[in-house]
Amino acid sequence: MALAFENYGLNLFADEQEHFEELMHLTTRAGKPLIGYHGTPYFFLPMGGVEFWEGVEKDGDGNLFAASFHTHCGNKCIWNMSPIGIDITPKNTSNMERVAMFCDAKTQTGMVPIEVITADVLPSYIPDDEIKMQVVAIPLALEYHADEDAYEQSLPRDENGDRWGLKLGTLNAFEFLKNHAPEQYEQGKEYPSDHYVHFAAVVKSLRHGIFEMGDEQLKTFIRCFVDTQFGELEFDHTLEQVPEEQRKNIKVGSVITGVCVLSADVAIGDYENGIVKDFDHNLRLIASVITEGDAERMISILIADAIYETDSYQQTYTGVQAIVDRFMFVHEHRDKSYEAYYATITQTEDVCLEYPVGTRCIVLKSEDEDGYESIVFLTVNEEGMVTKIKVCTDTRYRFQVDKPRQASVLDDYEFPNSIEDAIVLRAKLYGMIDEDEESVFAEEMTTTHVQLEENVQNMLDALQAEPQEDAEKALMNILGYLFAKAMECEANNTAAQKDYSTKLLASYAVQDAFQGTISSTLCEEDHQKLEKAMELGRRFFLDFKIQLQMTEPQENQFMPLFKRTAVLIQCLGQAYWRKTQRSNGKSHQ
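Residues numbered from 1 in each chain as written. Predicted model: local features only at pLDDT ≥ 70, side-chain atom pairs only at ≥ 80, totals over all residues. Heavy atoms only, no water.

**Some thoughts on the overall build of the chain**
Stated precisely, the cut-off is as follows: In this text, helices come from DSSP runs of H or I with a minimum length of four residues, and strands from runs of E with a minimum of two, each type numbered from the N-terminal end. Categorising residues by exposure relies on relative accessible area from a 1.4 Å probe, with only protein chains included: less than 20% of the type maximum marks a residue as buried, more than 50% marks it as exposed, and the intermediate range marks it as partly exposed. Every residue pair with non-hydrogen atoms within 4.5 Å of one another is taken to be in contact. To be clear on the numbers: accessible area is Shrake-Rupley with a 1.4 Å probe, and residue cover counts the displayed protein chains and nothing else.
Each helix and strand counted, the chain has 13 helices and 20 strands in total. Sorting the 589 residues of the chain into buried and exposed places 49% on the buried side. Of the contacts formed within the chain by residues at least 6 apart in sequence, a portion of 66% connects residues at least 24 apart. Accessible surface, the chain as shown: approximately 28700 Å² in total, 49% of it carbon and sulfur.

**With respect to the sheet that holds strand β15 (residues 315-318)**
Rules: Strand pairing requires that DSSP identify at least two bridges connecting the strands. Between N-to-C directions, angles span 0 to 180 degrees; the directions come from axes that are lines fitted to C-alpha atoms, helices contributing only their stretch in contact.
Reading across the sheet, the seven strands line up as β15-β14-β19-β18-β17-β16-β20 and stay open at both edges, with mixed pairing between neighbours. In this open sheet, the two edge strands, each paired with only one partner strand, are β15 and β20 (397-401). In this sheet, adjacent strand axes meet at a mean angle of 30° when their direction is disregarded. Across six bridges, the pairing between strand β18 (residues 374-380) and strand β19 (residues 386-392) is antiparallel. Within β19, the residue paired with Phe-377 across the bridge is Lys-390. Against the sheet, helix α5 (residues 279-292) touches β16 (338-348), β17 (360-366), β18 and β19, its axis set at about 140° to β18. Packing of helix α6 (residues 320-333) onto the sheet brings it into contact with β14 (302-310), β15 and β19, and relative to β14 it is tilted by some 45°.

**Notes on the nonpolar core**
What counts is decided by this rule: By nonpolar core we mean a set of buried residues, namely Ala, Val, Leu, Ile, Met, Phe, Trp, Tyr and Cys, connected to one another through side-chain atoms within 4.5 Å.
Core analysis: the largest hydrophobic core is formed by 44 residues, its most contacted members being Trp-79, Ile-114, Met-133 and Leu-262. The element that contributes the greatest number of residues to this core is strand β8 (residues 131-145), accounting for six residues. Excluding residues that lie within four positions of it along the chain, Trp-79 makes contacts with Ile-114, Ile-131, Lys-132, Met-133, Val-135, Leu-171, Thr-228, Phe-230, Gly-231, Glu-232, Leu-233 and Leu-262. In this structure, Val-424, Met-432, Tyr-481 and Met-487 belong to the second largest nonpolar core, which totals 43 residues.

**Some words on the packing of aromatic side chains**
The geometry of an aromatic ring pair comes down to the distance between the two centres and the angle between the two planes. Stated formally: Stacked, edge-to-face and tilted are the three classes for Phe, Tyr and Trp ring pairs, Trp counted by its six-membered ring, which pair at centre distances within 6.5 Å; planes under 30 degrees apart are stacked, over 60 edge-to-face, the rest tilted. Consider the ring centre and the ring normal. A charge sits over the ring if Lys NZ or Arg CZ is within 6 Å of that centre and within 35 degrees of that normal.
Scanning the model with the defined rule gives 23 aromatic pairs in all. Between the aromatic rings of Tyr-42 and Trp-53, the centroid separation amounts to 6.4 Å while the plane-to-plane angle is 80°, which identifies the pairing as edge-to-face. One end of the pair, Tyr-42, is in strand β2 (residues 41-47); the other, Trp-53, is in strand β3 (residues 50-58), with eleven residues separating them in the sequence. Across the pair, Trp-53 and Tyr-42 agree in class, each one buried. Ring geometry for Phe-483 and Tyr-576: centres 6.1 Å apart, planes at 20°, overall stacked. Taken together, the residues Phe-483 in helix α10 (residues 471-495) and Tyr-576 in helix α13 (residues 558-583) connect sequence positions 93 residues apart. Grouping residues by exposure puts Phe-483 and Tyr-576 together as buried. Cation over ring: Lys-485 sits above Tyr-508, and NZ or CZ is 5.7 Å from the ring centre.

**Observations regarding a negative patch on the surface**
Selection rule: Surface patches are drawn from residues lacking salt bridges whose relative accessible area is over 30%; two like charges belong together within 9 Å, two nonpolar side chains (Val, Leu, Ile, Met, Phe, Trp, Tyr) within 5 Å. Put simply, a salt bridge is a Lys or Arg side-chain nitrogen that is within 4 Å of an Asp or Glu carboxyl oxygen. Think of it this way: Lys and Arg go in the positive column, Asp and Glu in the negative one, and His and the chain ends go nowhere. Charge positions come from single atoms, namely NZ of Lys, CZ of Arg, CG of Asp or CD of Glu.
Taken together, the side chains of Asp-15, Glu-16, Glu-18, Glu-21 and Glu-22 make up a negatively charged region of the molecular surface. Here the negative patch takes three residues from helix α2 (residues 17-30), the largest share from any one element. Take Glu-21: its relative accessible area is 38%, and that puts it in the partly exposed class.

**Section: the sheet that holds β3**
In space, the four strands of this open sheet follow the order β1-β2-β3-β4, with antiparallel pairing throughout. Edge strands, defined here as strands with exactly one partner in the open sheet, are β1 (32-35) and β4 (64-73). On average, each strand axis in the sheet is inclined to that of its neighbour by 25°, with strand direction left out of account. Together, β1, β2, β3 and β4 form the strand contacts of α2, whose direction differs from that of β2 by roughly 105°.

**So, unusual backbone geometry**
Residues other than glycine seldom take positive phi values, yet Gln-108 does so here, at roughly 55°. As for its placement among the helices and strands, Gln-108 is situated in the loop between β6 (98-104) and β7 (112-116).

**Some words on the pattern of salt bridges**
If you walk through the whole model with that rule in mind, you get 20 salt bridges. Residues Lys-178 and Glu-175 are paired through a salt bridge, measuring 3.3 Å at the closest nitrogen-oxygen approach. Here Lys-178 pairs with Glu-175, and both are found in helix α4 (residues 174-179), just three residues apart, close to one helical turn. Taking the relative accessible area as the measure of exposure, Lys-178 reaches 40% and is therefore partly exposed. Glu-232 serves as the salt-bridge partner of Lys-204, at 3.0 Å between the closest nitrogen and oxygen. Of the two residues, Lys-204 is situated in strand β10 (residues 197-213) and Glu-232 in strand β12 (residues 231-237); the sequence distance between them amounts to 28 residues. It is possible to trace a salt-bridge network through shared partners that takes in Glu-309, Glu-354, Lys-388 and Lys-390.

Here it is, written out as structure tokens:
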């Protein structure tokens, strides 16, 4: 989302290449330079409320060229965020920018993709880092609803008549989660929509956006401010980007919804003039290079005759390029990844050791091992430049880690390690069971269900007696059929008198199950619900397949796993019918 001229009413720069080139030249000539770790500058040019950022890199011959160009808007929307270790920067992106997933630094909750347009002024993006960023939302599509009731009425109903939408104030990484779902994700594939953010929020305030050119001030865009789970956020757009019939709703108290990209400037506070050279920042940079690579960022902090020593190889490297080349070689050829922790030396067994008690350092631990493997020490001169890097394995040093790696928002998420976990996860995703019902359903999964097991066995016996041309499709249809039939049975049970004298019995037809069709005892309206439910039930077959791939069971375990899956899905069908009856006619967010 480098260029968003249309959001600022500056289409002349988007439509005419000549005008765009003039703007780039103006940004270079008149903009404020800020140096990044790669040793090349950003040029920053504010023109009223609109900001232009140009990132410069060197080509193979050492010539400078414009590598990135961004529109932005200065404001007081400052967020305190932490990276969570998921970098989604496209491969062809400039070194001057980065797209990554972040969470709230204080609570370690939430997950949202952010495009950092001044990324090279920060030394690291390790999950422990707390990063202050000035954030703007660039809507790709948006709507204004008159009030909260109008927003809720705009939400489509599902097959049960319920309305579903984002909770107000929410920023949702739906596109990333959808793209990386097991059934969708392809290793190595880039998804252009990964950084799209879905939003819904109440308008808190509105202002005119001003673009200045010389002495002329033009009101070219709208600045809409809302509150989100991460803090205040500004949406920048023009009147033309709002559907014409909704423009009357552009007012305080209305609800704004849609899809946007989040643009963040981190060249603020200590970094408003570019990189900071001191011991602490250099330590963060080295930690980043060790864990993530990109050793060329070290060039800006190494003196010409800097030294790199490593106990592991009993070797010394001298000079900027020799050190950078060595770090690059190690990163490219290592057989395992490392985690870096900031620490302080607390004790030494020998008073003659080079680094005394109180020395700040980095301790490294392989992601595959429990213990720490080595300590990284830095020596910095008065100008804040690194004169020496030493990787030490001397066990006489004792240290205290600042803090173990904080849990990220993904730490609470585990890929299902059983078919039960997988079914519950999908059921929660589809709204079949709520958080408070999960424990109740867990008890159901541990109960013996004789009739449900018999239903499955009858289907499997029939399938063995009459093999289907597409066995996988038949098994998938069986799951969908049993799920819907369980709903029918539960409907009949709840409608029967206490002595069950009026109870209707659901009949099971194996051919219907194989083909994915169903007949029932229910009225037409409820029968339609069963037909829709069959599609939901079929989707659990994916969890069954993934569980097979993950566990690689013996051939004689295939059918028992399928049988357990089908029983659980019938339990879920019963619970889902009860839930639809409780919530019938109600709306949800």
